[in-house]
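# Survey of secondary and tertiary structure
Here is how the chains run, residue by residue.
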Amino acid sequence: MLRAYQLTTRTLIAVFEKGDAITLRFDLYNDDDPVRCQEGMAYLLDVTVQRKQFRIDVGTTKLLHETFSGDILRAEPVDGVLCLVADCSFYVTKEREVIEITLTGNMVEIKEHPPAKYV
């Protein structure tokens, strides 16, 4: 199902922890997307998995605690596993780091928010 969103070249803008769930929030805006290309609009997508389905393979866990944005360089679904590679910029520390995240299992909740203007 996530293949329909073509996450490569999109932006990971937040990671939320709530109870036993981890939510990754993406902004789907892209100049090349005929549906999600209007300047000043947010096209948000939340992908929620159980904590046990979320793993940071390379990089820091700062993205769980700090404001950042990450350009998705690669999003590869293989055999029920989604591997994400993101070039992250951390706003507070002004650091950059490439991270690799793996989402496993087939129990994924996907919520695409209605387009909204950035405030």
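Conventions adopted
Residues numbered from 1 in each chain as written. Predicted model: local features only at pLDDT ≥ 70, side-chain atom pairs only at ≥ 80, totals over all residues. Heavy atoms only, no water. Phe/Tyr/Trp six-rings, centres within 6.5 Å; stacked < 30°, edge-to-face > 60°. Helix = DSSP H or I, 4+ residues; strand = E, 2+ residues; numbered from the N terminus. Buried < 20%, exposed > 50% of the residue type's maximum accessible area, 1.4 Å probe, protein only. Pairing = 2+ DSSP bridges. Axes fitted to C-alpha atoms, helices over the stretch in contact; angles between N-to-C directions. Contact = heavy atoms within 4.5 Å. Salt bridge = Lys/Arg side-chain N within 4 Å of Asp/Glu carboxyl O.

This next bit is on the packing of aromatic side chains. This model, assessed by the stated rule, comprises 1 aromatic pair. Ring centres 5.9 Å apart and planes at 40 degrees place the aromatic pair F68 and F90 in the tilted group. Of this pair, F68 sits in strand β6 (residues 68-78) while F90 is found in strand β7 (residues 81-90), placing the two residues 22 residues apart along the sequence. No difference in accessibility class separates F68 from F90, as the two residues are buried.

Let us look at the pairing of strand β1 (residues 11-18). Two strands pair when backbone bridges link them, and β1 and strand β2 (residues 21-27) are joined in this way by 7 bridges, in the antiparallel orientation. Residue pairing for β2: A14 is matched across the bridge by R25.

Tracing the chain through its elements places T61 in the loop between β5 (54-58) and β6. Here T61 falls in the partly exposed class, since its relative accessible area comes to 45%. Along the primary structure T61 and A75 are separated by 14 residues, whereas in three dimensions their C-alpha atoms are 19 Å apart.

Using a relative accessible area of 2% as the deciding quantity, one classes F68 as buried. Sequence separation of F68 and I13 is 55 residues, and the distance between their C-alpha atoms is 6.3 Å.

The subject of this paragraph is the sheet that holds strand β9 (residues 109-112). Spatial strand order, β5-β8-β7-β6-β1-β2-β4-β9: 8 strands in an open sheet with antiparallel pairing. The open sheet terminates on both sides in strands that have one partner only, identified here as β5 and β9. Strand-to-strand twist across the sheet, computed as the mean angle between neighbouring axes with direction ignored, equals 30 degrees. Taken together, the 7 bridges between β2 and strand β4 (residues 44-50) define a ladder with antiparallel strand orientation. Considered in β4, the bridge of A21 is made with Q50.

Mapped onto the elements, D20 comes out in the loop between β1 and β2. Among the residues examined, D20 registers a relative accessible area of 45% and is labelled partly exposed. In the structure, D20 is positioned 30 residues away from Q50 in sequence and 5.8 Å away in space, judged by C-alpha atoms. Beyond its immediate sequence surroundings of up to four residues, D20 is in contact with V49, Q50 and R51.

Okay, the pattern of salt bridges next. In total, this model carries 6 salt bridges according to the counting rule given. A salt bridge links R51 to E17, with the shortest nitrogen-to-oxygen separation between them at 2.9 Å. Taken as a pair, R51 in the loop between β4 and β5 and E17 in strand β1 lie far apart in primary sequence, 34 residues in all. The salt bridge involving D57 is made with R55; its shortest N-O contact spans 2.5 Å. On the basis of relative accessible area, D57 is assigned to the partly exposed category, the value being 35%.

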